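Chain by chain, the residues:
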Amino acid sequence: MTLNLNSQQASGDPAATTILALTGVTAGYGAGLILKGVELTVGTGHIVCLIGPNGAGKSTVLKTISGLLHPKSGQVLLRGEDISRLSSRERLNRGVVHVPQDRSLFPSMSVWENVLMGAFILSNQALIRERMERVAELFPIVTQRRSAAAGSLSGGEQKQVELARSLMLDPALILLDEPSIGLDPKARKSVFASITALAEDGRTVLLVEQNARSGLAVSHRAAVLEAGRVALTGTGEELLNDPEVARLYLGASARGTMSAAVTASQKAAEA
Ligand SMILES: Nc1ncnc2c1ncn2[C@@H]1O[C@H](COP(=O)(O)OP(=O)(O)OP(=O)(O)O)[C@@H](O)[C@H]1O
Ligand SMILES: [Mg+2]
């Protein structure tokens with residue numbers, strides 16, 4: 001793999017080739033199924049946002065892609081290759097990284113050491129140094145707070161370090177589970193800016209977000225997962241403008257938008 005940009009990938013071209021496809025994926029934790037036939041396609045270089053209610057199975061989808069969980073049936077295809085029986089390590093080797101929902105840094109280790117941990121399967125020191133330099137360019141906090149204990153950073157700063165760490169294996173596909181959860185508005189904004197920067201850097205991002213409005217706004221494509229199935233797909237913009245999506249997932253700001261629209265149409269009717 002190289003760190004060179006591919007212009008088609010970077011632009012999130014709608015005609016992008018498919019990097020990831022889930023076909024008829026069923027999975028669960030015991031006898032019961034959580035995913036009940038998930039169909040999902042992700043284009044190379046796109047940001048794809050998965051939204052849906054708590055417990056719908058969004059995190060389970062990401063685990064099934066990264067190999068923390070193996071599907072009971074169906075396929076997870078990476079560039080056409082069925083990876084659904086491979087281990088997490090084998091999927092990492094193919095460029096699939098997973099940034100989980102919970103904070104995952106080692107709090108007493110330094111920022112720099114944490115980022116280095118992202119390269120744990122590499123042994124080529126020159127390559128690791130080169131990657132560190134590249135990652136620090138994208139995430140200046142890696143050098144600015146190099147020696148600080150990761151646990152002493154704010155939630156937003158820790159998330160930036162986690163994103164930086166995820167780049168150390170030069171991934172093609174980054175799975176982000178609720179990266180903005182628990183962050184204040186400023187830190188949330190930085191996270192979404194970083195996600196856009198990852199795509200501009202040629203990565204494909206599959207993003208799970210409770211902050212659906214912000215998640216959809218940065219995404220090329222999006223899907224709604226309900227009760228273990230994909231209920232709706234479209235561009236990020238289409239889902240942002242879908243009244244049912246707004247009612248169910250976009251919260252107060254969506255109601256604001258809708259009431260503004262109602263007010264506008266009332267004014268138009270009165271005129
Ligand atoms: N390790 C586990 N063992 C057993 N059941 C689990 C496990 N992890 C998740 N589940 C169950 O699977 C279902 C889907 O969980 P999942 O975490 O995928 O949902 P989610 O859509 O990510 O929800 P949230 O928005 O709350 O993060 C839930 O009913 C949950 O209780
Ligand atoms: Mg989840």
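Model, not experiment: these values are computed from the prediction.

Rules behind the numbers
- Residues numbered from 1 in each chain as written.
- Chains lettered and ligands numbered in written order.
- Predicted model: local features only at pLDDT ≥ 70, side-chain atom pairs only at ≥ 80, totals over all residues.
- Helix = DSSP H or I, 4+ residues; strand = E, 2+ residues; numbered from the N terminus.
- Expected span 1.5 Å × (residues − 1).
- Buried ≥ 20, exposed ≤ 12 C-beta atoms within 10 Å, placed from the backbone.
- Arc of directions from axis to C-beta.
- Near = placed C-beta within 6 Å.
- Nonpolar A, V, L, I, M, F, W, Y, C, P; charged D, E, K, R; others polar.
- Axes fitted to C-alpha atoms, helices over the stretch in contact; angles between N-to-C directions.
- Parallel < 35°, antiparallel > 145°, perpendicular 65-115°, else oblique.
- Left-handed = near helix turned anticlockwise from the far one by under 90°.
- Contact = placed C-beta atoms within 7 Å.
- Pairing = 2+ DSSP bridges.
- pLDDT = per-residue confidence, 0-100.

### Topic: helix 5 (residues 125-138)
- Between its terminal C-alpha atoms helix 5 stretches 20 Å, which fits the 20 Å expected from 14 residues at 1.5 Å a residue.
- Within the span of helix 5, buried status applies to Arg131, Met132 and Val135. The arc that holds every buried residue of helix 5, seen down its axis, measures 105°, which confines them to one face. Residues Ala126, Arg129, Glu133 and Glu137 are exposed on helix 5 and point more than 90 degrees away from its buried face.

### Observations regarding the site of ligand 1
- Every residue close to ligand 1 is listed here: Tyr29, Ile34, Gly52, Asn54, Gly55, Ala56, Gly57, Lys58, Ser59 and Thr60.
- A per-class count over the shell around ligand 1 returns 3 nonpolar, 6 polar and 1 charged.

### Things to note about the packing of helix 7 (residues 155-166) against helix 8 (residues 185-200)
- One way to put it is that helix 7 packs onto helix 8 with a least axis distance of 9 Å and a crossing angle of 15°. The angle between helix 7 and helix 8 places the two elements in the roughly parallel class. Handedness of the crossing formed by helix 7 with helix 8: right-handed. Of the residues in helix 8, those touching helix 7 at Gly155, Gly156, Lys159, Gln160 and Leu163 are Ala187, Ser190, Val191 and Ser194.
- Per-class residue counts for the contact of helix 7 with helix 8 are 3 nonpolar, 5 polar and 1 charged.

### Comments concerning the sheet that holds strand 7 (residues 173-177)
- Judged by pairing direction, the sheet is mixed, and its 6 strands sit side by side in the order 6-7-8-3-9-10 without closing on themselves. For this open sheet the edge positions go to strand 6 (96-99) and strand 10 (229-235), each flanked by a neighbour on one side alone. This sheet shows a mean twist of 15° between the axes of neighbouring strands, independent of strand direction.
- Note that strand 3 (residues 47-51) and strand 9 (residues 221-226) share 4 bridges and pair parallel. For Cys49, the partnering residue across the bridge sits in strand 9 and is Ala222.
- Along the sheet, helix 8 contacts strand 3, strand 7 and strand 8 (204-208); its crossing angle with strand 8, the most-contacted strand, is approximately 150°.

### Observations concerning the confidence of the model for the chain
- With 87% of its residues at a pLDDT of 70 or more, the chain has an overall mean of 88.
- This stretch, residues 1-12, has a pLDDT under 50; its non-local contacts, to residues over four places away or in other chains, come to 23 contacts.
- Within the model, the stretch residues 252-271 combines pLDDT values under 50 with 4 contacts to residues more than four positions away or in other chains.

### A short note on the pairing of strand 10
- The pairing of strand 9 with strand 10 spans 6 bridges and is antiparallel. Its bridge partner lying in strand 10, Ala222 is registered against Gly234.
- Turn length for the strand 9-strand 10 hairpin, with the two strands adjacent in sequence and antiparallel, is 2 residues, and the turn residue Ala227 shows positive phi of about 45°.

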